[in-house]
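Okay, here's what each chain looks like letter by letter:
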Amino acid sequence: METQRVAVIIEDDKDIRDLLHAVLQQSGFEVHASPTGADGVEAVRRHNPAVVTLDLGLPDIDGFEVIRQLRLFSDAYIVMLTARAEELDTLMGLEAGADDYITKPFRPRELRARISAMMRRPRKDDSAAAAPAAAPGVPAAAAGAPSRPAETPIQDAAEGVFNHNGLLLDAETRTTQLSGRDVELTRTEFDLLHALLESGRRVRSKTDLVRRLRGEEYDTGSYISDSDERTIEVHVGNLRRKLGDDSRSPNWLETVRGVGYRLAPAK
């Protein structure tokens, strides 16, 4: 029997908290709600949720600090809910480790759609559990993984396993290593890096990467805003920081001005 998915709400406004509870429960989640940041952090630690909705304007702990604390032990998808119109607040939250944001007031249908798209992307634990056993030192093949484009400069790439300029990504176990040391990425950062490694030197537009994160395999005509594309820029910036990649002379993430990103050449 499949274990019920868990969601944690961190929201001080009771009316919004009740609305979120109803939306998430209708979407099939076991829901736990907390009115403060401190209680929310403990709820996430206790329940290990797949999704966390977080109000940035909490009464006790700054929402950005809550995100930073959660990222010390949780890989849950974090969706920020904010009434703040300033783009800087959104960017700070994404840089702290959040995956997405919705501005209040929001439509329940939009929240359901965002979370549904996130849940189509696997968690690290789910991927590892589904991976078939493999001999030591031999990466497990990723069932149904897309074939590697011919122009890709990735070397020694097996299905679902990519090795490029000292960076190793295993899509099956959702792990990343750089020169033998583990690199901790959020799920969104991992999925973006995976998409670029798959594509090799083929340019991926920001619009294309937004669709990838939404789980849209092709252009469905869904609306993609400038803020959505800016979110991609922030996540790529976080990836570069964690990998120690120089945007002026990149080893992995190369910017194609006015278009998007592609994998840097092999060195």
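Residues numbered from 1 in each chain as written. Predicted model: local features only at pLDDT ≥ 70, side-chain atom pairs only at ≥ 80, totals over all residues. Heavy atoms only, no water.

### Section: the packing of aromatic side chains
Counting across every chain of the model gives zero aromatic pairs. Over the ring of Phe 29 we find Arg 5, and its NZ or CZ is 4.4 Å from the ring centre. If you follow Arg 45 out to its NZ or CZ, it ends over the ring of Phe 73, 4.2 Å from the centre. (Phe/Tyr/Trp six-rings, centres within 6.5 Å; stacked < 30°, edge-to-face > 60°. Lys NZ or Arg CZ within 6 Å of the ring centre and 35° of its normal.)

### Brief notes about the sheet that holds strand S7 (residues 167-170)
Strand order in the open sheet made by the four strands is S6-S7-S8-S9, with antiparallel pairing throughout. Where the open sheet ends on each side, the last strands, each with one partner, are strand S6 (161-164) and strand S9 (181-182). Along the sheet, helix H7 (residues 187-199) makes contact with S6, S7 and strand S8 (175-178), crossing S7 at roughly 105 degrees. (Pairing = 2+ DSSP bridges. Helix = DSSP H or I, 4+ residues; strand = E, 2+ residues; numbered from the N terminus. Contact = heavy atoms within 4.5 Å. Axes fitted to C-alpha atoms, helices over the stretch in contact; angles between N-to-C directions.)

### Thoughts on helix H2 (residues 37-47)
Every buried residue belonging to H2 is among Gly 37, Gly 40, Val 41, Ala 43 and Val 44, and all of these are buried. Looking straight down H2, one finds that the buried residues subtend no more than 160 degrees of arc, so they occupy a single side. Against the buried residues of H2 lie strand S1 (5-10), strand S2 (29-34), strand S3 (51-55) and helix H3 (63-70). The N-terminus of H2 is capped by Thr 36, whose side-chain oxygen sits 3.2 Å from the backbone nitrogen of Asp 39. Just beyond H2, the residue with positive phi is Asn 48, at close to 50 degrees. (Buried < 20%, exposed > 50% of the residue type's maximum accessible area, 1.4 Å probe, protein only. Arc of directions from axis to C-beta. Polar contact = N/O pair within 3.5 Å; in protein donor to acceptor, adjacent residues only side chain to side chain.)

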